[in-house]
Amino acid sequence: MAYSELELDGLKEVINIGGGHAATSISKLVNQKIDMHVPEISILSYHEMYKQVIADDVEVHAVVSSIVGDYNGMILFVVSDDSADKLSELMLGTKTDDINVKMSAVSELTNIISNSFLGAIGNLLNVQLVSALPVIQDDYFGAVISSIYMALDQYDDHIMVIRNEFTYSEEKLDASLFFIPETGVLEQILKSLGI
């Protein structure tokens, strides 16, 4: 898996546009300013990913949405328990201890984020992209990420990690959005960009 700096910059710009639209959608939904960091695109071994991104033994709330349309893959939104509390409180306007209500709010938020993200990328590349209804699971990050890559038949030792991080009131939300395309999709995106 080798990409030139130009190709990585092109992919980063596509993800930046998608993530920017996702951050705007969250801000409108919760009526609060949510910012997004410049997206991170790295080619890492699993060991490096667990060391630099999220450790494999960290328990997370993971919301997975399949991408359907001209390109296929998965969107993964990963949040810590504290961030799930903050996001559900922002969405509901009040705190809740009901785990089902909390996860329903995070799942709906992920649905909006995913479709906003994919819609922006689709408009840029002139392709149709939407996400299927999200499925939420509580598990260790390592189990979540490895099952997704296996489901997409990606067995490389190194993987491309594409993620956006969000902040709220200068406080980092422990939430990351991962774009995990099927094999060959990145090449199709680069071709659409003329790179």
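These numbers come from a predicted model, not from an experiment. (Residues numbered from 1 in each chain as written. Predicted model: local features only at pLDDT ≥ 70, side-chain atom pairs only at ≥ 80, totals over all residues. Heavy atoms only, no water.)

S.K.: Can you help me understand the pairing of strand β8 (residues 171–181) in this one?
M.R.: The side chains of a regular strand alternate, first on one face of the sheet and then on the other. Of all the 11 residues making up β8, 8 are buried; the element is thus mostly covered by neighbouring parts of the structure. The pairing of strand β4 (residues 73–79) with β8 spans 7 bridges and is antiparallel. Bridging from a neighbouring strand, Leu76 pairs with Phe178 of β8. (Buried < 20%, exposed > 50% of the residue type's maximum accessible area, 1.4 Å probe, protein only. Helix = DSSP H or I, 4+ residues; strand = E, 2+ residues; numbered from the N terminus. Pairing = 2+ DSSP bridges.)

S.K.: Just checking my understanding: could you explain the confidence of the model for the protein chain for this structure?
M.R.: Caution applies to low-pLDDT parts of the model: their predicted coordinates are not meant to be read in detail. Across the protein chain, the average pLDDT comes to 83, with 95% of residues at 70 or higher. Mean pLDDT in the protein chain bottoms out at strand β7 (residues 158–168), which sits at 72, and peaks at strand β6 (residues 135–140), which reaches 92. (pLDDT = per-residue confidence, 0-100.)

S.K.: Just to check I follow, could you spell out helix α5 (residues 141–151) for this structure?
M.R.: Helical geometry note: an α-helix holds 3.6 residues per turn, so side chains three or four residues apart project in the same direction. For α5, the complete set of buried residues consists of Phe141, Gly142, Val144, Ile145, Ile148 and Tyr149. For α5, the arc enclosing every buried residue in end-on projection is 165°, short of the 170-degree limit, so these residues lie on one face. Downstream of α5 by a residue or two, Asp153 has a phi angle that is positive, lying close to 55°. (Arc of directions from axis to C-beta.)

S.K.: Quick question: what am I supposed to make of the pattern of salt bridges here?
M.R.: For side chains of opposite charge, pairing can occur when their charged atoms come near one another. Scanning the model with the defined rule gives 1 salt bridge in all. Between Lys102 and Asp85 there is a salt bridge; the shortest N-O distance is 2.4 Å. Note that Lys102 is positioned in helix α4 (residues 99–125) and Asp85 in helix α3 (residues 81–92), a separation of 17 residues in sequence. (Salt bridge = Lys/Arg side-chain N within 4 Å of Asp/Glu carboxyl O.)

S.K.: How do you make sense of the packing of aromatic side chains when you look at a structure like this?
M.R.: Geometrically, a pair of aromatic rings is defined through the distance of the ring centres and the angle of the planes. Taken as a whole and judged by the stated rule, the model has 3 aromatic pairs. With a centroid separation of 6.2 Å and an interplanar angle of 90°, the aromatic rings of Tyr50 and Phe141 are classed as edge-to-face. Of the two residues, Tyr50 is situated in helix α2 (residues 46–52) and Phe141 in helix α5; the sequence distance between them amounts to 91 residues. Neither residue differs from the other here; Tyr50 and Phe141 are each classed as buried. Ring centres of Phe141 and Phe178 lie 5.8 Å apart, and the angle between their planes is 35°; on these two criteria the pair is classed as tilted. Of this pair, Phe141 sits in helix α5 while Phe178 sits in strand β8, placing them 37 residues apart in sequence. Under the relative-accessibility criterion, Phe141 is labelled buried at 0%. Following the ring pairs from residue to residue traces out a cluster consisting of Tyr50, Phe141 and Phe178. (Phe/Tyr/Trp six-rings, centres within 6.5 Å; stacked < 30°, edge-to-face > 60°.)

S.K.: I'm lost on the side chain of Ser116 in this one. Help?
M.R.: Residue placement: Ser116 occurs in helix α4. Filtering out sequence-adjacent residues up to four positions away, Ser116 remains in contact with His21, Ala22 and Ser25. (Contact = heavy atoms within 4.5 Å.)

S.K.: Sorry, what's going on with unusual backbone geometry here?
M.R.: The phi torsion of most residues other than glycine is negative, and most of the peptide bonds are trans. One non-glycine residue with positive phi stands out, namely Asn126, at about 60°. As for its position among the elements, Asn126 is in the loop between α4 and β5 (129–131).

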